[in-house]
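Commentary on secondary and tertiary structure
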Amino acid sequence: MSDTPGPESANPNADANREDDPDTETTEGERKRQAATEAVRGESAARQRLKRTKTGESIVVDFVANFVAGGSGTFEPLKGRVLMSEQRLILATSDSKTVVPLTSVFDVAVGQVPPEVEQFFDHTVMVGYVVNGTRRTTVVGGDRETIEKFSLILYRATLHGSTVSLKHPAKVGGRFQDEPVREVGLHLETDRVAFPGTEELTIGDGVFGIDLGNVVFFEVLERTVDDEPRLVLSVQHATQNQTVTTEVSMGSRRKMNILGRYIRQMYHYIVSDVRDIDLSDDALEVLVGLYSVGSVGDGIDLASMLGIEESALEEHLETLHDDGLVEDVEPPHELTPQGQFLINERFEDVNF
């Protein structure tokens, strides 16, 4: 028979002795920390398991929102989870689930809501898609930041892996250029459309891209590309102190519509952020000066160049930074997309 005391014969002073023993206290503290760490790891692992669908698809979007699902049969908003993988968008409540294959999406419109439901939402993204030959729409509502992030991911997902026909430059100023049409990739960013895999398509080095803050004008045209009629997105944008036109097209009209929506929406965000800025003429002159010196601004005495005191320059830089027009008050002072847009819009008003 064992001499080890059972629970009924355990030392009643054991707990008190444990509290007085610093080594025991340290061990107990470590045990609690380890238990807490294991709990966090277990919770994280559980979340990771939930981040995949039953078919093994990775979930890239998962948040709770109010929405009107295309298959719900009602205009009353429902509250549920919005999930999205690389292949489909899912709107789920406790009673229903609407599944939208991303290949069926033909439109993504931010801020455009059917009149039947506009009273329920402040910021929205409307998704148009086709089910069995019938067009349907789903509206997801939320705060502006959530909708902006969700819409960007949705734009990217619907255009993922796309190849575009790119002509750059199609025009320099008003002069047409005899440049070939190249097949390149497509990557969407919050303030830029990039075309990876290109071959020295720009005047400078690096992968060619269009900064949306530099866009002057854009339109969709009907052109013949590769001996077939296509929609062509024609974008005029400022680069290296001149205006060039880039033409982009895809064989899929569905994808062309989504790409046009994306550029229009991101451009709208930039414009709306700039319209309300009340910038003084002196601060605008500093902004133009920063734009003029460009990447060599780090080695130029900008205050002397502009004929102002260093303290005045610092004050204007602080204002430009606070207004979201320059990235940093320290050199090099790179302009934000909003700053670039403001330059393009007001350049003729500045006698520099």
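Placed above this text is the structure.
Residues numbered from 1 in each chain as written. Predicted model: local features only at pLDDT ≥ 70, side-chain atom pairs only at ≥ 80, totals over all residues. Heavy atoms only, no water.

Some points on the nonpolar core
Residues Phe195, Leu259, Tyr262 and Leu287 are the most contacted members of the largest nonpolar core, which totals 73 residues. The element contributing the most residues to this core is helix 4 (residues 253-275), with 11 residues. Listed in part, the six residues of the second largest apolar core include Val68, Ala109, Val117 and Val139. (Core = buried A, V, L, I, M, F, W, Y, C linked by side-chain atoms within 4.5 Å. Buried < 20%, exposed > 50% of the residue type's maximum accessible area, 1.4 Å probe, protein only. Helix = DSSP H or I, 4+ residues; strand = E, 2+ residues; numbered from the N terminus.)

What to know about the packing of helix 3 (residues 144-159) against helix 4
Packing of helix 3 against helix 4 leaves a shortest axis separation of 10 Å and a crossing angle of 150 degrees. In terms of orientation, helix 3 and helix 4 fall into the roughly antiparallel class. Our pair here, helix 3 against helix 4, has a crossing hand that is left-handed. Contacts between helix 3 and helix 4 involve Arg144, Glu148, Ser151, Leu152, Tyr155, Thr158 and Leu159 on the former and, on the latter, Lys255, Ile258, Leu259, Arg261, Tyr262, Gln265, Met266, Tyr269, Ser272 and Asp273. Among the residues forming the contact of helix 3 with helix 4, the class breakdown is eight nonpolar, four polar and five charged. (Axes fitted to C-alpha atoms, helices over the stretch in contact; angles between N-to-C directions. Parallel < 35°, antiparallel > 145°, perpendicular 65-115°, else oblique. Left-handed = near helix turned anticlockwise from the far one by under 90°. Contact = heavy atoms within 4.5 Å. Nonpolar A, V, L, I, M, F, W, Y, C, P; charged D, E, K, R; others polar.)

Observations concerning the side chain of threonine 138
Tracing the backbone shows threonine 138 in strand 7 (residues 134-142). On the basis of relative accessibility, which here comes to 1%, the residue threonine 138 falls in the buried class. In contact with threonine 138, not counting residues within four places along its chain, are Val68, Ala69, Gly70, Leu91, Val125, Met126, Val127 and Tyr129.

Description of unusual backbone geometry
The residue after histidine 168, namely proline 169, is reached through a cis peptide bond having omega -15 degrees. For proline 169, the position within the fold is in strand 8 (residues 163-172). Notably, asparagine 132 is not glycine yet its phi reads approximately 50 degrees, a positive angle. Mapped onto the elements, asparagine 132 comes out in the loop between strand 6 (123-131) and strand 7.

Regarding the packing of aromatic side chains
The description of an aromatic ring pair rests on the distance of the ring centres and on the angle between the ring planes. Under the criterion given, the structure shown has five aromatic pairs. Relative to tyrosine 267, the ring of phenylalanine 218 lies with its centre 5.5 Å away and its plane at 85 degrees, an arrangement referred to as edge-to-face. Linking phenylalanine 218 in strand 14 (residues 215-225) with tyrosine 267 in helix 4, this pair joins segments that are 49 residues apart in sequence. Across the pair, exposure class does not vary: phenylalanine 218 and tyrosine 267 are buried alike. (Phe/Tyr/Trp six-rings, centres within 6.5 Å; stacked < 30°, edge-to-face > 60°.)

Observations concerning the sheet that holds strand 13 (residues 209-211)
With antiparallel pairing, three strands are arranged side by side in an open sheet as 11-12-13. The open sheet terminates on both sides in strands that have one partner only, identified here as strand 11 (187-188) and strand 13. Of the pairings in the sheet, the one linking strand 11 to strand 12 (residues 192-194) comprises two bridges and is antiparallel in character. Its bridge partner being in strand 12, histidine 187 is matched across the sheet by alanine 194. (Pairing = 2+ DSSP bridges.)

Side note on the pairing of strand 4 (residues 97-101)
Side chains Thr98 and Val100 of strand 4 all project onto a buried face; the interleaved residues Lys97, Val99 and Pro101 project onto a face where none is buried. Relative to strand 4, strand 3 (residues 88-92) runs antiparallel, the two being bridged by five bridges. Bridging across to strand 4, leucine 89 finds its partner in valine 100. Following strand 3, the chain reverses through four residues before pairing antiparallel with strand 4.

Observations concerning the pattern of salt bridges
Applying the stated criterion across every chain, the model contains 10 salt bridges. In this structure, the salt-bridge partner of lysine 149 is glutamate 145, at a minimum N-O distance of 3.1 Å. Here glutamate 145 and lysine 149 lie together in helix 3, a separation of four residues that amounts to about one turn. Each member of the pair, lysine 149 as well as glutamate 145, carries the same accessibility label: exposed. The salt bridge partner of arginine 182 is glutamate 179, with a shortest N-O separation of 3.9 Å. Judged by its relative accessible area of 25%, arginine 182 falls in the partly exposed class. (Salt bridge = Lys/Arg side-chain N within 4 Å of Asp/Glu carboxyl O.)

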